[in-house]
Amino acid sequence: MNVTPTVWVLTVAALCVLIAVDFFIGRKPHEVSLKEAGIWSVVWISLAIVFGVGLLVFSGGKPAGEFFAGFVTEKSLSVDNLFVFVLIMAKFSVPVQYQQRVLMVGVIIALVLRAGFIAAGAAIISAFSWVFYLFGAFLIWTAWKLVQDARKGHEEEEFEENKLLKAVEKRFGVADRYHGTKLWIEQNGKRVMTPMLVVMLAIGSTDVLFALDSIPAIYGLTQDAYIVFAANAFALMGLRQLYFLIGGLLKKLVHLSYGLSVILGFIGVKLVLHALHESGVHVPEISIPVSLGVIVLVLAVTTCTSLWATRKQEREAEAVSIGSNGE
């Protein structure tokens, strides 16, 4: 798809306006209700659908299909990332009323950093077609690693600060408590960071690690940098509301990591087949409609089996509890 610089500028400007509106509405620190989170989740998903329909009307079915496949993939991967965000919030004991501000700024940082990854990925792909082999192999390895991590469970995990974050804390120092939404304060005659800024940087920098699998995954669905950026932007910008909307349901999605491993493995195979095709080997390629269908089907099955397994565990725990009380 041929995207002019003007379209790029207009797209980025429109996203900035939406972010500004979102920030203005939620500028006052408060505890986000399920109703508020639900409304804004619907808004961001609706905007993504409108964007995809716009691609369908002005650019055809292929770009639109690639966008929707990429958006669904990025959205599903971001749900798994929420587990880590929960750990970060707990690690830094973020007050409930400040969590939405932390997530908003953290997501904006993540989006800016991902834009750099997307640009780098586009440049590498255009210069070296064999990189698809690396992307495919990496996604298949990541899929296997997800299965291994899923067996360990999320309960015993604890967030560990990365080296960059530790270096920043050591260089500037950190206040001993939160000071509202302030990012910097004067303490003992020295300008230091507040825990608010630290946790924002933690979420933004941690997302870079998530991008290591999500960016190759979406490049397995489309090689158009514009669609890759748009899918990432819409998936990330709705992440804050999703955190509050399904925060309590995360523990019930016990099979999500297995589903994501299937999706990443599937896209990894798709990338390898594409690389072979580019090398002149006659192999079948997986179309976007098939890819989108597989992704949606896997997510639907994973969600249903997760809820069924969770209900079964709850019934068994309730039966044990009743039996214990009866004794």
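Remember, it's a predicted structure, so these values are computed and weren't measured experimentally.

Q: Got a minute to help me understand the overall build of the protein in this structure?
A: Helices and strands together make up the secondary structure of the protein, namely 11 helices and 2 strands. Across the protein, helices and strands are ordered from the amino to the carboxyl terminus as α-α-α-α-α-α-β-β-α-α-α-α-α. Relative to its length of 327 residues, the protein is compact, with a C-alpha radius of gyration of 21 Å against a globular reference of 20 Å. When its C-alpha atoms are laid out on the principal axes, the protein stretches across 65 × 65 × 35 Å. Buried residues in the protein amount to 46% of all 327 residues. Surface summary for the protein: the accessible area is close to 16,700 Å², and the carbon and sulfur share equals 67%. Computed over 26 positive and 25 negative side-chain charges, the separation of the two mean positions in the protein equals 6 Å.

Q: How do you make sense of the confidence of the model for the protein when you look at a structure like this?
A: Low-confidence regions, as indicated by low pLDDT, have predicted coordinates that should not be scrutinised in detail. Taken as a whole, the protein shows an average pLDDT of 82; of its residues, 92% reach a score of 70 or greater. The element-level mean pLDDT for the protein is lowest in helix α9 (residues 239-246), coming to 77, with helix α8 (residues 225-237) highest at 89.

Q: Can you walk me through the nonpolar core in this structure?
A: Buried together is how nonpolar side chains tend to be arranged in soluble globular proteins. Phe67, Phe85, Ile88, Phe92, Val94 and Val102 are the most contacted members of the largest nonpolar core, which has 83 residues in total. In terms of residue count, the dominant contributor to this core is helix α7 (residues 195-219) (13 residues). Apart from the residues lying within four places of it in its own chain, the contact partners of valine 102 are Met89, Val94, Met196, Val199, Met200 and Ile203.

Q: Whenever I open this one, the packing of helix α2 (residues 34-59) against α8 confuses me. Can you help?
A: Think of two packed helices as two axes; the pair is described by the angle between the axes and how far apart they sit. Remark: α2 packs on α8, axes separated minimally by 9 Å, with the N-to-C direction vectors making an angle of 165 degrees. When the axes of α2 and α8 are compared, the pair comes out roughly antiparallel. Judged by the twist between their axes, the crossing of α2 over α8 is left-handed. Two secondary-structure elements touch here, α2 through Trp44, Leu47, Ala48, Phe51 and Leu55 and α8 through Tyr226, Ala230, Phe234 and Met237. Here the residues of the contact of α2 with α8 are counted per class, giving 9 nonpolar, no polar and no charged.

Q: For this particular structure, what's the right way to read the pairing of strand β2 (residues 190-193)?
A: Within a regular strand, the side chains alternate between the two sheet faces. Relative to β2, strand β1 (residues 184-187) runs antiparallel, the two sharing 4 bridges. Residue pairing across strands places glutamine 187 opposite lysine 190, the latter belonging to β2. Between the antiparallel neighbours β1 and β2 lie 2 residues, among them asparagine 188 with a positive phi of about 55 degrees.

Q: I'm lost on α8 in this one. Help?
A: Within an α-helix, residues lying three or four positions from one another point in the same direction, as the helix has 3.6 residues per turn. With 13 residues, α8 should cover 18 Å at 1.5 Å per step; its first-to-last C-alpha distance of 18 Å lies within 8% of that length. Most of α8 sits out of view: 12 of its 13 residues are buried. Where α8 is concerned, the buried positions are Tyr226, Ile227, Val228, Phe229, Ala230, Ala231, Asn232, Ala233, Phe234, Ala235, Leu236 and Met237. For α8, the capping residue at the N-terminal end is aspartate 224, with a side-chain oxygen 2.9 Å from the backbone nitrogen of tyrosine 226.

Q: Help me understand the pattern of salt bridges in this model?
A: Here the idea is simple: oppositely charged side chains can pair when their charged atoms come close. Tallied over the entire structure, the rule returns 2 salt bridges. A salt bridge links glutamate 66 to lysine 62; the shortest N-O distance between them is 2.6 Å. Here the residue glutamate 66 and the residue lysine 62 both occupy positions in helix α3 (residues 61-91), the gap between them amounting to 4 residues, near one helical turn. Ionic pairing is found between arginine 114 and glutamate 74, a salt bridge with its closest N-O pair at 3.2 Å. Here glutamate 74 lies in helix α3 and arginine 114 lies in helix α4 (residues 99-127), a separation of 40 residues in the sequence. Like glutamate 74, arginine 114 is buried.

Q: I tried to follow unusual backbone geometry on my own but got confused; where do I start?
A: Working note: non-glycine residues mostly have negative phi, and peptide bonds are mostly trans. One non-glycine residue, serine 93, lies in positive phi territory at about 50 degrees. Note that serine 93 resides in the loop between α3 and α4. Here serine 93 falls in the exposed class, since its relative accessible area comes to 54%. The phi dihedral of asparagine 188 falls on the positive side, at around 55 degrees, and the residue is not glycine. Its place among the elements puts asparagine 188 in the loop between β1 and β2.

Q: So what exactly am I meant to see when it comes to the packing of aromatic side chains here?
A: Ring pairs (aromatic) are described by centroid distance and by the angle formed between their planes. For the structure shown, the criterion picks out 10 aromatic pairs. Geometrically, the ring pair formed by phenylalanine 67 and phenylalanine 68 is edge-to-face, given 5.6 Å between the ring centres and 65 degrees between the ring planes. What makes phenylalanine 67 buried here is its relative accessible area of 0%. Taken together, the ring pairs in this structure connect Trp8, Phe51, Phe67, Phe68, Phe71, Tyr226, Phe229 and Phe234 into an aromatic cluster.

Rules used throughout
- Residues numbered from 1 in each chain as written.
- Predicted model: local features only at pLDDT ≥ 70, side-chain atom pairs only at ≥ 80, totals over all residues.
- Heavy atoms only, no water.
- Helix = DSSP H or I, 4+ residues; strand = E, 2+ residues; numbered from the N terminus.
- Rg over C-alpha atoms; globule rule 2.2 N^0.38 Å.
- Buried < 20%, exposed > 50% of the residue type's maximum accessible area, 1.4 Å probe, protein only.
- Areas by Shrake-Rupley, 256 points an atom, 1.4 Å probe, with all protein chains shown as cover.
- Lys, Arg positive; Asp, Glu negative; His and termini not counted.
- Charge placed at Lys NZ, Arg CZ, Asp CG, Glu CD.
- pLDDT = per-residue confidence, 0-100.
- Core = buried A, V, L, I, M, F, W, Y, C linked by side-chain atoms within 4.5 Å.
- Contact = heavy atoms within 4.5 Å.
- Axes fitted to C-alpha atoms, helices over the stretch in contact; angles between N-to-C directions.
- Parallel < 35°, antiparallel > 145°, perpendicular 65-115°, else oblique.
- Left-handed = near helix turned anticlockwise from the far one by under 90°.
- Nonpolar A, V, L, I, M, F, W, Y, C, P; charged D, E, K, R; others polar.
- Pairing = 2+ DSSP bridges.
- Expected span 1.5 Å × (residues − 1).
- Polar contact = N/O pair within 3.5 Å; in protein donor to acceptor, adjacent residues only side chain to side chain.
- Salt bridge = Lys/Arg side-chain N within 4 Å of Asp/Glu carboxyl O.
- Phe/Tyr/Trp six-rings, centres within 6.5 Å; stacked < 30°, edge-to-face > 60°.

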